[in-house]
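As a plain string of letters, each chain reads:
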Amino acid sequence: MSQDDEERLEELRQEKMEKLKEQQQGGGQANQEAQQQAQQQAEQQKQAMLRQYLSDGARRRLNSVRMSKPDLAERVEQQVVALGRSGRIQDQLDEEQMKSLLRELKPDEQSFNISRR
């Protein structure tokens, strides 16, 4: 092969590599956007179900719990959604029912006794 053919071949290889890199990056972004969109849609569905199954007082109680213990609030939300999907919630949960659900899902508190000698 001549020098010109080798240079042309090298240019074509470089172009091909750049196109492949662009496709990989573009595909990754599209996949990431699709995942974000799916997460947003799932969050919207969860919020709609919570509005359906929780009374105003129960939602206020859940929001106040979320301020101090976000992980507990998330577990309660998951539990309410699961109960709603299974059809085990007939009416809206009121504040007293929310309190009992919070007590059930609250992790056991550990107490420490400090004794002085």
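A few points on the structure. (Residues numbered from 1 in each chain as written. Predicted model: local features only at pLDDT ≥ 70, side-chain atom pairs only at ≥ 80, totals over all residues. Heavy atoms only, no water.)

Some thoughts on the overall build of the protein chain
Stated precisely, the cut-off is as follows: Secondary structure elements are taken from DSSP: a helix is a run of H or I of four residues or more, a strand is a run of E of two residues or more, and numbering for both begins at the N terminus. Both definitions apply: the radius of gyration is a C-alpha atom measure, and the globule rule equals 2.2 Å times residues to the power 0.38. Throughout this description, buried means an accessible area under 20% of the type-specific maximum (1.4 Å probe, protein chains only), exposed means over 50%, and partly exposed covers the range between. For this analysis, residues touch if any pair of their heavy atoms sits within 4.5 Å. Here the Shrake-Rupley method, with its probe set to 1.4 Å, supplies the accessible areas, and only the displayed protein chains count as covering residues. Only four residue types enter the tally: Lys and Arg on the positive side, Asp and Glu on the negative side; His and the chain ends are excluded. By convention, the charge on Lys lies at NZ, on Arg at CZ, on Asp at CG and on Glu at CD.
Helix and strand content of the protein chain: 4 helices and 0 strands. In the protein chain, the succession of α and β elements from N to C terminus is α-α-α-α. What you see for the protein chain is a C-alpha radius of gyration of 28 Å, clearly larger than the 13 Å of a compact globule of 117 residues, by over 25%. When its C-alpha atoms are laid out on the principal axes, the protein chain stretches across 85 × 55 × 20 Å. The buried share among the 117 residues of the protein chain stands at 20%. Restricting to contacts in the protein chain with at least 6 residues of sequence separation, those with at least 24 account for 73%. Carbon and sulfur atoms make up 43% of the accessible area of the protein chain, which amounts to about 10000 Å² in all. Side-chain charges in the protein chain split into 20 positive and 22 negative, and the spacing between the mean points of these groups amounts to 14 Å.

Regarding the side chain of E77
Positionally, E77 belongs in helix α3 (residues 70-86). Residue classification places E77 among the buried residues on the basis of a relative accessible area of 1%. Other than its neighbours up to four places away in sequence, E77 contacts K46, Q47, L50, L62 and R66.

A word on the nonpolar core
To be explicit about the condition: Put simply, buried Ala, Val, Leu, Ile, Met, Phe, Trp, Tyr and Cys residues joined by side-chain atoms within 4.5 Å make one nonpolar core.
Counting 18 residues, the largest nonpolar core has L54, L62, V76, V80, I89, M98 and L102 as the members making the most contacts within it. For this core, the secondary-structure elements that each account for two or more residues are α1 (3-53), α2 (56-68), α3 and α4 (95-105). No other element matches the 6 residues that α3 contributes to this core. In contact with M98, not counting residues within four places along its chain, are L54, A58, R61, L62 and V76.

Remarks on the pattern of salt bridges
A side chain with one charge may pair with a side chain of the opposite charge, provided their charged atoms come close. Selection rule: When a carboxyl oxygen of Asp or Glu is within 4 Å of a side-chain nitrogen of Lys or Arg, the pair counts as a salt bridge.
All chains considered together, the criterion is met by 8 salt bridges. Across the pair R59 and D56 runs a salt bridge whose closest N-O atoms are separated by 2.5 Å. Of the two residues, R59 and D56 both sit in helix α2, 3 residues apart, roughly one turn of that helix. For R59, a relative accessible area of 27% puts it in the partly exposed group. A relative accessible area of 48% means that D56 is categorised as partly exposed. Across the pair E96 and K99 runs a salt bridge, and its minimum N-O distance is 3.4 Å. Within this pair, E96 and its partner K99 are both found in helix α4, separated by 3 residues, close to a single helical turn. Given the relative accessible area of 26%, K99 is considered partly exposed.

With respect to the packing of α3 against α4
The test is simple: Orientation is described by lines fitted to C-alpha atoms, with helices fitted over the stretch in contact, and by angles between N-to-C directions that extend from 0 to 180 degrees. What makes a crossing left-handed is the near helix being turned counterclockwise from the far one by less than a right angle; a clockwise turn instead makes it right-handed. Any residue that is not Ala, Val, Leu, Ile, Met, Phe, Trp, Tyr, Cys, Pro, Asp, Glu, Lys or Arg is counted as polar, Gly included; the first ten are nonpolar and the last four charged.
At a closest axis distance of 10 Å, the pairing of α3 and α4 adopts a crossing angle of 115 degrees. At the point where α3 passes α4, the crossing takes the right-handed sense. Counted together, L72, R75, V76, Q79 and V80 of α3 and M98, L101, L102 and L105 of α4 form the full contact between these two elements. Among the residues forming the contact of α3 with α4, the class breakdown is 7 nonpolar, 1 polar and 1 charged.

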